[in-house]
Amino acid sequence: MTNNTDMEHHSEISHNRYNVLIEFAHIHLEFQRPELESVLSLHDIAIGRDCIEVPLPSSIPTVENYRPFLILSFDYHYAKEKFNLDDDGYVIQSDMSRFSKIDRTKPTIASVLSRCTLIRSAIELWGAGPSFDSCVEHARQLSSGCAGRITLENCMKLSSSWKITIHTLGTKFNREEQNDMRMKFAFFNLPGKVQMVNPTNEFLLIREVELDPKGTPLSQERDNFLSPPLAVYYGRVLGGIRDWRGNGRLDQFSLKKRSYLGPTSMDAELSLIMTNLGLVRNGSFCFDPFVGTGSILLTCGLRGGYCVGTDIDIRVLRGRSDEENVLSNFKQFRLNRPDLIRSDNALYHRHYRMNKPIYDVIVTDPPYGIRAGARKSGTKEEKIRAIPEDRRHDHIAQTKVYPVSDVMGDLLDVSARTLVMGGRLVYIIPSMRDFDVEKDLPNHECLEIAHVCYQPLQTELGRRVVVMKKVKEYDPSLRESYLSSVWINGPESAEKCANIRERLLEAAKLKPGYEEKAAYRKKRRQITREEKKKQRAKHV
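From a predicted model like this one, the values you see are computed outputs, not experimental measurements. (Residues numbered from 1 in each chain as written. Predicted model: local features only at pLDDT ≥ 70, side-chain atom pairs only at ≥ 80, totals over all residues. Heavy atoms only, no water.)

Digging into the sheet that holds strand β16 (residues 419-432)
This is how the line gets drawn: Paired strands are those between which DSSP finds at least two bridges. Numbering of helices and strands starts at the N terminus; helices are DSSP runs of H or I of at least 4 residues and strands are runs of E of at least 2. Helix axes are fitted to C-alpha atoms over the stretch in contact, other axes to C-alpha atoms as well, and angles between N-to-C directions run from 0 to 180 degrees. We call two residues in contact when some of their heavy atoms are within 4.5 Å.
Spatially, β12-β11-β10-β13-β16-β18-β17 is the arrangement adopted by the 7 strands of the open sheet, whose pairing is mixed. Both edges of this open sheet fall to β12 (339-342) and β17 (447-456), since each of them pairs with a single strand only. Taken over all neighbouring pairs, the strand axes of this sheet differ in orientation by 20° on average, direction set aside. In this structure, strand β10 (residues 285-288) lies alongside strand β11 (residues 306-311), joined through 4 bridges in parallel fashion. Each residue of the ladder has a partner; that of phenylalanine 287, found in β11, is valine 308. Across the sheet, helix α9 (residues 295-302) is in contact with β10, β11, β12 and β13 (359-364); its angle to β11 comes to roughly 170°.

Quick look at the structure:
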C-alpha cells in the first residue's frame, strides 16, 4: 500500500507498540484502503487517531509499483484495552457469521480485520527490515519493549505447539535453504512441540519482492544471482489461518452457486466490498431502489442487515418460478426474507411517507443502459386509457425511457431525504477515460463524498464505486433547487455517464480489423439461431 519509504525506517517500528502487518490480495487496488478504513470505523477506530500507519521497509530508495502490505501500529495500552490480544483459539470461520459479527465486547484483531474482503492475512509483527539480517536484528530486540516482551511471553507456554512457514514471492528455495532461514530465528527458543498441522501458533517469514502493475513478481534472477528482497517480515499469524480468502470463504457466495441470476447481477466480491463501504452491520436498515435480482441486497443480508428492495419491473421481482426468484436466493443462504416492492424511484415521494429518514445505508447499482436501460412510469401515448377493474390484479404498468441524468438526480434526492444523519449511499457509476471525478460526479448539498474507488474494465471503460455520507438535513421546500444542481456541468457531465454502449461501439470501430470481427460475430449469431430453431423443431 505504501510506495515511498525510508530505507532505515524499520527502527520506527517500536517494540513498545503493538504492530500488525496486513497483506492484501492483488485485486481492486483502489478499494483496499477505503474498505479497511470503513471496517475499522465500525469499531470506532480511525487511522491517524487510534493507530498510525508505519512506512514499509525498503532495500531501494523508491518503489514505483504497488506493494500489497500495510503496517498498523497501536499504542499497546490502547490495543490491550480495545482487543483481546490473546489470539489463541480464535480461528477465522468460513460460515456467514464472520461477515456480520462486529458486536463482540472485546474482539480479536483478526475478527475485526477478517471482515475486509480484500485482506488476505494479518500477522502480529515481531520483526521487519529491508534485508534478512536487519529483520533478524529487529526481531532480537522484541523483548526490549514492553509490548514486545508481553507478546513474547504469551507464546512461551509449554502446552503450545508451533511452526514457521516461509512465504516467498516469485522465488523458490529448497528445503535446506528454508531451514536455514528458520534457524535465523532460533534465538526465540520457543517451548512446546513443532506441529505442522493446526499448531497453536504459526509464525510467518515473508520475503517481499517487487511486483509489476499486474501483481506478477519481477524477475529475481539477474546475472545468475538472486536479487535481494525488497523487505523481510517476521511475525505470528493472526486468526489461526494464513489465507482468510481461501477454503471457499468467498467462493461459497459466487453467482454460479445461486438459484436466480440476471444479466445485471453484481459479482459477490464487489457486493461484499460495497456493503463494507456502506458500514452495513447487524440490524442496519438497508435499501436498494434498483434491486433487480437482489445480488447486492443479498450481501446486505449476509452482513446482518434488514433488507428492502424496490424495482419498477415486477417480472424481475417475481422471478422465473417459485424456485428461481430473489427470495429463493435469500432462502438458499438461510437469511431473513427481504421486503420487495414494485416501485418507481422517480416517484418515490409519491409512493412513501417522507416525514422521517429511515435508512442506515442505500447500496445500489443504477441502470445506465450498458446491459439494461433505465425505465420509469409513463407512456408515449397522448391519450391514457383506464385499466379495467378485472385486469388490475396482474396489470404491468407501462414505462418509458428514464434518462441517466434523472436517474442520478432522483437517486441522490431520495438518499438525502431518507438516509439517517451519517448514513451512507454507495452506488456504481460507469465512465470512459475522459471522466473527471471533480467535475462529472453528481452531487447533492446534503451529501458529501467519502470515497471514490475506480475499477478498470477495458482500455476505454471502467466503473467507479462512489460512497457518500449524509451531513445535512434535507429541506423538502428546496427539492427543485437540489435537483437542478446535481450536475456541476449540467448535461455535459450527465452525458459522460449516458450512452456508454454507443460510445464503446464508436471506440471499437476505430480499431483495426473491426469490420472483419463484426462480420464474423454476426455470422456466428446466425448459425446459433439456426441451430436453436432445429433443436426446437425436433421437440415439436
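A closer look at the side chain of serine 265
For the record, the criterion: Definition of a polar contact: a pair of N or O atoms within 3.5 Å, with one able to donate and the other able to accept a hydrogen when the atoms are protein atoms, and with sequence-neighbouring residues admitted only if both atoms are side-chain atoms.
Following the sequence through the fold, serine 265 ends up in the loop between β9 (231-237) and α8 (268-277). A polar contact is formed between the side chain of serine 265 and the backbone nitrogen of glycine 262, at a distance of 2.9 Å. Polar contacts involving the side chain of serine 265 include one to the side chain of threonine 293, which spans 2.7 Å.

As for the pairing of strand β5 (residues 162-168)
What counts here: When accessible area is computed with a 1.4 Å probe and restricted to protein chains, residues below 20% of their type maximum are described as buried, those above 50% as exposed, and intermediate ones as partly exposed. Throughout, right-handed denotes a crossover for which the path from the first strand over the helix to the second runs clockwise when the strands point away from the viewer.
Counted residue by residue, β5 has 6 buried out of 7 residues, so it is predominantly covered. Summarising the sheet, β5 and strand β6 (residues 201-208) pair through 7 bridges and their orientation is parallel. Paired with threonine 168 across the bridge in β6 is arginine 207. Handedness of the crossover joining β5 and β6 through helix α7 (residues 175-183) is recorded here as left-handed.

What to know about a nonpolar patch on the surface
Heads up, the condition is: Patch membership is restricted to residues that have no salt bridge and whose relative accessible area is over 30%. Joining uses 9 Å for like charges and 5 Å for the nonpolar side chains Val, Leu, Ile, Met, Phe, Trp and Tyr. The Shrake-Rupley method, run with a 1.4 Å probe sphere, supplies the accessible areas, and residue values consider only the shown protein chains as cover. Salt bridges are counted wherever a side-chain nitrogen of Lys or Arg sits within 4 Å of a carboxyl oxygen of Asp or Glu.
On the surface, a nonpolar cluster with roughly 310 Å² of combined accessible area is contributed by Val194, Met196 and Val197. Secondary-structure assignment places valine 194 in the loop between α7 and β6.

With respect to the nonpolar core
Just so we agree on the cut-off: Buried residues of nine kinds, namely Ala, Val, Leu, Ile, Met, Phe, Trp, Tyr and Cys, make up a nonpolar core once their side-chain atoms join them within 4.5 Å.
Counting residues in hydrophobic clusters, the biggest one holds 35 residues, and the most contacted among them are Phe31, Leu270, Met274, Phe330, Val363 and Val465. Sorting the residues of this core by element identifies α8, α9, α10 (314-318), α11 (326-332), β13, β16 and β18 (461-470) as the ones contributing at least two each. Here the element with the most residues in this core is α8; it accounts for 6 residues. The residues contacting methionine 274, other than those within four sequence positions of it, are Ile296, Val363, Thr364, Val426, Ile428 and Val465. Among the nonpolar cores identified, the runner-up in size contains 33 residues, and Tyr359, Met408, Leu411 and Ala494 belong to it.

Here's the deal with the state of the cysteines
In plain terms, the rule: The definition used for a disulfide is geometric: two cysteine sulfur atoms within 2.5 Å.
Under the defined criterion, the tally for this structure stands at 0 disulfides. Cysteine 155 carries a free sulfur, and the closest cysteine sulfur to it, the one in cysteine 135, is 16 Å from it. Unpaired in terms of disulfides, cysteine 307 finds its nearest cysteine sulfur in cysteine 286, a separation of 5.3 Å. By relative accessible area, which is 5% here, cysteine 307 ends up buried.

A look at the pairing of β10
On a regular strand, each side chain points to the face opposite its neighbour's, so the side chains alternate between the two faces of the sheet. With respect to chirality, the unit in which β10 leads through α9 into the neighbouring parallel β11 is right-handed. Pairing of β10 with β13 involves 2 bridges; the strand directions are parallel. Within β13, the residue paired with phenylalanine 287 across the bridge is isoleucine 362.

A word on a positive patch on the surface
Spelled out, the test is: The sign given to each residue is positive for Lys and Arg and negative for Asp and Glu; His and the chain ends receive no count. For charged residues, the charge sits on one atom: NZ in Lys, CZ in Arg, CG in Asp, CD in Glu.
A cluster of basic residues, Lys511, Lys517, Arg521, Lys522, Arg525, Arg529, Lys532, Lys533 and Arg536, forms a positive patch on the protein surface. If you trace the backbone, lysine 517 turns up in helix α18 (residues 514-539).

As for the packing of aromatic side chains
Threshold: Stacked, edge-to-face and tilted labels apply to pairs of Phe, Tyr and Trp rings (six-membered ring for Trp) whose centres lie within 6.5 Å, assigned for plane angles under 30 degrees, over 60, and everything in between, in that order. Geometrically, a charge over a ring is one whose NZ (Lys) or CZ (Arg) sits within 6 Å of the ring centre while staying within 35 degrees of the ring normal.
The tally for this structure, following the rule as stated, stands at 18 aromatic pairs. For the pair phenylalanine 74 and tyrosine 78, a centre-to-centre distance of 6.4 Å together with 5° between the ring planes defines the contact as stacked. Counting every residue linked through ring pairs, the aromatic cluster contains Trp126, Phe185, Phe187, Phe188, Phe203 and Tyr234. The ring of phenylalanine 187 has arginine 140 lying over it, and the distance from NZ or CZ to the ring centre is 4.4 Å.

Considering the packing of helix α1 (residues 32-41) against α8
The condition that has to hold: Throughout, the term roughly parallel applies to angles under 35 degrees, roughly antiparallel to angles over 145, roughly perpendicular to angles from 65 to 115, and oblique to all others. Each helix crossing is assigned a hand: it is left-handed if the near helix lies turned anticlockwise from the far helix by less than a right angle, otherwise right-handed if that turn is clockwise. Note on residue categories: nonpolar means Ala, Val, Leu, Ile, Met, Phe, Trp, Tyr, Cys or Pro, charged means Asp, Glu, Lys or Arg, and polar means any other residue, Gly included.
Close contact between α1 and α8 brings their axes to 8 Å; oriented N to C, the two are set at 50°. Of the possible angle classes, the one that applies to α1 and α8 is oblique. Read as a crossing pair, α1 and α8 show a hand that is left-handed. Counted together, Pro34, Glu35, Ser38 and Val39 of α1 and Ile273, Asn276 and Leu277 of α8 form the full contact between these two elements. Tallied by class, residues from the contact of α1 with α8 come to 4 nonpolar, 2 polar and 1 charged.

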